[in-house]
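For reference, the chains in residue letters:
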Amino acid sequence: MKIKISGLELGTNELEFTGKVEELGLDAPFYGNFKLNITFEKSHHQLLATINLQVNASFECDRCIAEFNSQRDINFTLLYLFDEESRETDDPDVNYLSREADKIDISTEIYDYAYLDIPFKILCKEECKGLCPKCGADLNQGDCGCPKEEFNPLWSDLEKLRDELENEE
Ligand SMILES: [Zn+2]
Ligand SMILES: [Zn+2]
């Protein structure tokens, strides 16, 4: 994704782009259209880009394996320091930009931040009950009727504790 910056004025500039995720170099789990908002704050010495990317993702829940869609709202900032020559820095979010540069390429940053946004543990909802380890039923749809004691060690521990307490009385 190359952004033309030659026409930016000093101060705040707001740009909006839309298109298909493929144009950003994104593929699964991302799909469909994206909306990209960039606010540029330009001064004589630097260009600060505050970026918001809205994109859809299709996930499979780690617990119940249901497929679900998730609207991702991804925010990051990039800082470009004007210099005679463009060169690399240690911080991936800080770049040097030649004063003559007329565009910036944010493809790598978009790609990295988009995939970083994918949760480590993907859940259709925080309280997803998952699948019954015995019969495979989706427990979000209701109780399958399998006895829980047999496969839930915590449960049986609690029962043992209850029995002990009852015996003490
Ligand atoms: Zn789930
Ligand atoms: Zn079951």
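Up top you'll find the structure we're talking about.
Residues numbered from 1 in each chain as written. Chains lettered and ligands numbered in written order. Predicted model: local features only at pLDDT ≥ 70, side-chain atom pairs only at ≥ 80, totals over all residues. Heavy atoms only, no water.

A. Structural detail: the coordination of the zinc ion (ligand 1). All of the protein donors around the zinc ion (ligand 1) are Cys61 (SG), Cys64 (SG), Cys124 (SG) and Cys128 (SG); their distances to the metal are 2.3 Å. Every donor counted, the four donor atoms about the zinc ion (ligand 1) form angles of 107 to 114° at the centre, which fits tetrahedral coordination. Sequence spacing among the residues donating to the zinc ion (ligand 1) works out to C-x2-C-x59-C-x3-C. One end of the pair, Cys61, is in the loop between strand E4 (46-60) and strand E5 (67-83); the other, Cys128, is in the loop between helix H1 (107-116) and helix H2 (153-168), and 67 residues separate them in sequence. Neither Cys61 nor Cys128 differs from the other in exposure class; each is buried. (Donors = N, O, S within 2.8 Å, 3.2 Å for Na, K, Ca; no water. Tetrahedral: all angles 85-135°; square planar, octahedral: opposite > 155°, others 65-115°. Helix = DSSP H or I, 4+ residues; strand = E, 2+ residues; numbered from the N terminus. Buried < 20%, exposed > 50% of the residue type's maximum accessible area, 1.4 Å probe, protein only.)

B. Summary view of unusual backbone geometry. Following Ala28, the chain continues to Pro29 via a peptide bond in cis, the omega torsion being 10°. Even without being a glycine, Ile65 presents a positive backbone phi close to 55°. Looking at the secondary structure, you find Ile65 in the loop between E4 and E5.

C. Focus on the pattern of salt bridges. Taken as a whole, this structure holds two salt bridges when the rule is applied. The salt bridge partner of Asp117 is Arg72, with a shortest N-O separation of 2.7 Å. With a gap of 45 residues between them, Asp117 in the loop between H1 and H2 and Arg72 in strand E5 connect regions that are remote in the sequence. Given a relative accessible area of 22%, Asp117 falls into the partly exposed group. Between Asp102 and Lys103 there is a salt bridge, with the nearest N and O atoms lying 3.6 Å from each other. Given the relative accessible area of 38%, Asp102 is considered partly exposed. (Salt bridge = Lys/Arg side-chain N within 4 Å of Asp/Glu carboxyl O.)

D. Just the coordination of the zinc ion (ligand 2), in detail. Coordination sphere of the zinc ion (ligand 2), protein contribution only: Cys132 (SG), Cys135 (SG), Cys144 (SG) and Cys146 (SG), at 2.2 to 2.4 Å. Around the zinc ion (ligand 2), the four donor atoms sit at angles spanning 107 to 111°, and that spread fits a shape best called tetrahedral. Sequence positions of the donors to the zinc ion (ligand 2) reduce to the motif C-x2-C-x8-C-x1-C.

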